[in-house]
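Per-entry structural report
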Number of protein chains: 2
Amino acid sequence: DLVELTCQHFQKNTQSKLLTGQHWLITAGPTREAIDPVRYISNHSSGKMGYAIAQAAVNAGATVTLVSGPVTLSTPSGVNRINVSSAENMHQQVMTQVENTDVFIACAAVADYKIAEVSAQKIKKSAETMQINLVKNPDIVADVAALANKPFTVGFAAETQDIEHYAKDKLKRKNLDLIAANDVAKNGQGFNSDNNALTVFSYNKKFELPLASKSDVAQQLVALIAQQRDEKQ
Amino acid sequence: DLVELTCQHFQKNTQSKLLTGQHWLITAGPTREAIDPVRYISNHSSGKMGYAIAQAAVNAGATVTLVSGPVTLSTPSGVNRINVSSAENMHQQVMTQVENTDVFIACAAVADYKIAEVSAQKIKKSAETMQINLVKNPDIVADVAALANKPFTVGFAAETQDIEHYAKDKLKRKNLDLIAANDVAKNGQGFNSDNNALTVFSYNKKFELPLASKSDVAQQLVALIAQQRDEKQ
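Before going into details, it helps to say that this report is about the structure given with it. As the structure is a prediction and not an experimental result, all values here were calculated from the model. (Residues numbered from 1 in each chain as written. Chains lettered and ligands numbered in written order. Predicted model: local features only at pLDDT ≥ 70, side-chain atom pairs only at ≥ 80, totals over all residues. Heavy atoms only, no water.)

Points about the overall build of chain A
Operational definition: Helical segments are the DSSP runs of H or I of at least four residues, strand segments are the runs of E of at least two, and each set is numbered from the N terminus. The atom set for the radius of gyration is the C-alpha atoms, and the globule formula is 2.2 Å times the number of residues raised to the power 0.38. Think of it in three bands: residues with accessible area under 20% of the maximum for their type are buried, residues over 50% are exposed, and the middle band is partly exposed, with areas taken using a 1.4 Å probe on protein chains only. Whether two residues are in contact is decided by their heavy atoms, any of which lying within 4.5 Å being enough. Reported accessibility uses the Shrake-Rupley method at a 1.4 Å probe radius. Residues are deemed covered only where the shown protein chains occlude them.
In terms of regular secondary structure, chain A is built from 6 helices and 12 strands. In terms of overall dimensions, chain A is globule-like: its C-alpha atoms have a radius of gyration of 19 Å, near the 17 Å expected for 233 residues. Overall, the C-alpha framework of chain A stretches about 80 × 40 × 40 Å when taken along its three principal axes. In chain A, which comprises 233 residues, the share counted as buried stands at 50%. Sequence-distant contacts, at least 24 apart, represent 60% of the contacts inside chain A between residues at least 6 apart. Carbon and sulfur atoms form 47% of the exposed surface of chain A, whose accessible area is close to 11,100 Å².

Shown next, in the form of structure tokens:
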């Protein structure tokens, strides 16, 4: 009868979803590193790529937690979003959420450095020059990849030159499983664009995801991650 | 007849508008000072106050040009908007637009400093610490107020302490006609809030615009500016 047919249809659709039962943890957007209560250092990440990956992973059946820096995007439906501002906030949330995670994707553009001494009051300066002293932030993706029971860990490398060199170096240095590299100096892809093109490296393979909408590139990337993770297990 | 009545009505409404025939130039939003192609220094200005003032001035009959830093607001209807990013961009556009301006309102949160040497490539650093060297940006509101035929010039002072002291000092030092001060450390007003409270200083007077929606505060401020400008002339 119709009820049984409908049930079979939904069971089949649920079972056919690639990532059912998996927990994916994804970071997206920029971080903001406070200089004082008014000023900060940030970057041009719009969060669009990370949000598109979160949407694609949910659509493929995963349970998705998105740790997001300050962006102006709406939360993809079905995604559990946690808002953060600084790299330290993001590090703390990721290390809290990462337990029982199958796949971790570090798509956020995390500040490498924070301000050494954040001023509690708006800084008053009249000198012709001044200096800001910076110290290293925690390395989120490296800390996740160093866990005893590390999830399948995917990094991003947004570069303006020598892309393959920097991406492969980061893959090895940080013990990642995959790294997705993009050339943010090219017009029409990368930061704040609606399109992207990625070159994805594993230790011994290279995959090209050619220029397409971030939504399409995200679907291809999610499928590639799922397939590479299966191969590894 | 009806046509004549309608014409009289519209003539009356047009003539009754306070600022008909006046050109107002307003800056709004933050500026972004590039560190490299990816990173920048900015501040928490949302642009909401400047956009509300632009809307209030247009509603009062003025011709309004809005020079805006990067914000996520839509352009108020009837306003001519010019988008800029850095303080230098904003300075250049303001100095180009300022001729024949009756009132200039510097509502933007302009960076006092820019990066001394902007890197053409994404900076690669692995050291535990680093420094950013900054040099002074041009002072937009002071340069406008120093013009031979200066418009009626209104500055803003977003402060976290000693508000009246800093505001009055800025008023005198930069040769402004009015300065609108707000305490951005207070909850529920200032940066990114939908409400604001301003204390406005002239050389010998002080006006309180109590906490209200930025739209209401903007209407009161526009009326106050118009009235103070009339008194001066």
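Brief notes about the sheet that holds strand S12 (residues 206–213) of chain A
Residue and element names in this part refer to chain A. Stated formally: DSSP bridges decide pairing: two strands pair if at least two such bridges lie between them. Axis angles are defined between N-to-C directions and span 0 to 180 degrees, where every axis is a line fitted to C-alpha atoms and, for a helix, only to the segment in contact.
Spatially, the 8 strands line up as an open sheet ordered S5-S4-S1-S6-S9-S10-S11-S12, and their pairing is mixed. Only two strands of the sheet have a single neighbouring strand rather than two, namely strand S5 (80–83) and S12. Strand-to-strand twist in this sheet, taken as the mean axis angle between neighbours without regard to direction, amounts to 15°. In this structure, strand S9 (residues 152–159) lies alongside strand S10 (residues 178–183), joined through 6 bridges in parallel fashion. Considered in S10, the bridge of Phe156 is made with Ala180. This element, helix H5 (residues 163–173), spans S9, S10, strand S11 (195–201) and S12 of the sheet and lies at about 155° to S10. The strands touched by helix H6 (residues 214–232) within the sheet are strand S1 (23–28), strand S6 (103–106), S9, S10, S11 and S12, with S12 carrying the most contacts at an inclination of about 160°.

A word on the pairing of strand S11 (residues 195–201) of chain B
Residues and elements named next belong to chain B. Counting buried residues in S11 gives 6 out of 7 residues, a clear majority hidden from the surface. Across 3 bridges, the pairing between strand S10 (residues 178–183) and S11 is antiparallel. Looking at S11, one finds that Ala180 is bridged to Val200. For S11 and strand S12 (residues 206–213), the ladder comprises 6 bridges, and the chain directions are antiparallel. Following the sheet pairing, Thr199 is matched in S12 by Glu208. Here S11 folds back onto S12 in antiparallel fashion, the turn holding 4 residues.

With respect to the relation of the copies chain B and chain A
Quick note on the threshold: To superpose the copies, least squares is applied to the C-alpha atoms of every residue with a pLDDT of at least 70 in both.
Screw-axis analysis of chain B against chain A gives a translation of 0.0 Å along the axis, an RMSD of 0.0 Å, and a rotation angle of 180°. As the rotation angle and translation indicate, the two copies are arranged about a two-fold axis. In terms of C-alpha distance to the rotation axis, chain B has Ile41 of chain B as its closest residue, with the C-alpha 2.2 Å off the axis. Interface overlap between copies is the fraction of interface residues in one copy that are interface residues in the other; for chain B against chain A it reaches 100%, indicating a shared surface.

Observations regarding the interface of chain B and chain A
Definition in use: Buried area adds together the accessible area that both of two parts lose upon being put together, with accessible area traced by a 1.4 Å probe. Whenever a carboxyl oxygen of Asp or Glu lies within 4 Å of a side-chain nitrogen of Lys or Arg, that contact is scored as a salt bridge. Only Asp, Glu, Lys and Arg are considered charged, only Ala, Val, Leu, Ile, Met, Phe, Trp, Tyr, Cys and Pro nonpolar, and every remaining residue, Gly among them, polar.
Every contact between the two is made by 35 residues of chain B and, on the other side, 35 residues of chain A. Of the roughly 3,300 Å² buried between chain B and chain A, counting both surfaces, carbon and sulfur atoms make up 50%. Taken together, the links from chain B to chain A amount to 2 salt bridges. The closest approach of N and O atoms between Arg39 of chain A and Asp112 of chain B, which form a salt bridge, is 2.7 Å. The leading source of residues in the side of chain B that touches chain A is strand S8 (residues 129–136) of chain B, at 8 residues. Of the residues belonging to the side of chain B that touches chain A, the class tally is 15 nonpolar, 11 polar and 9 charged. In the sheet, strand S8 (residues 129–136) of chain A pairs with S8 of chain B via 7 bridges, with the strands oriented antiparallel. Following the sheet pairing, Ile132 of chain A is matched in S8 of chain B by Ile132 of chain B.

Focus on unusual backbone geometry
Glycine aside, negative phi is the norm for most residues, and most peptide bonds take the trans geometry. Residue Asn175 of chain A is not a glycine yet carries a positive backbone phi of 60°. Tracing the backbone through its elements, the reader meets Asn175 of chain A in the loop between H5 and S10. What makes Asn175 of chain A partly exposed here is its relative accessible area of 38%. A positive phi angle, close to 65°, is found at Asn100 of chain B, a residue other than glycine. Along the chain, Asn100 of chain B turns up in the loop between helix H3 (87–97) and strand S6 (103–106).

Things to note about the sheet that holds strand S3 (residues 39–43) of chain B
Taken in spatial order, the 4 strands line up as S2(A)-S3(A)-S3(B)-S2(B) in an open sheet, and their pairing is antiparallel. One side of each edge strand has no neighbouring strand; the edge strands of this open sheet are strand S2 (33–34) of chain A together with strand S2 (33–34) of chain B. Two strands pair when backbone bridges link them, and strand S3 (residues 39–43) of chain A and S3 of chain B are joined in this way by 5 bridges, in the antiparallel orientation. Looking across to S3 of chain B, one finds that Tyr40 of chain A is bridged to Ser42 of chain B.

Brief notes about the packing of helix H2 (residues 48–59) of chain B against helix H6 (residues 214–232) of chain B
Residue and element names in this part refer to chain B. Selection rule: Any angle that falls under 35 degrees is termed roughly parallel, while one over 145 is termed roughly antiparallel, one within 65 to 115 roughly perpendicular, and all others oblique. In this scheme the crossing of two helices becomes right-handed for a clockwise turn of the near helix relative to the far one and left-handed for an anticlockwise turn of less than a right angle.
Here H2 crosses H6 at 55°, and the two axes come no closer than 8 Å. Overall, the two elements H2 and H6 adopt an arrangement that is oblique. Considering only the axes of H2 and H6, their crossing is right-handed. Residue-level inspection shows Lys48, Met49, Ala52, Ile53, Ala56 and Ala57 of H2 in contact with H6, the latter providing Lys214, Ser215, Val217, Ala218, Gln219, Leu221 and Val222. For the contact of H2 with H6, the residue count by class is 9 nonpolar, 2 polar and 2 charged.

Remarks on the environment of His91 of chain B
Residue placement: His91 of chain B occurs in helix H3. Here His91 of chain B is in contact with Pro138, Ile140 and Asp143 of chain B, once residues within four sequence places are set aside.

Such coordinate-based values are descriptive only and should not be taken to indicate function.
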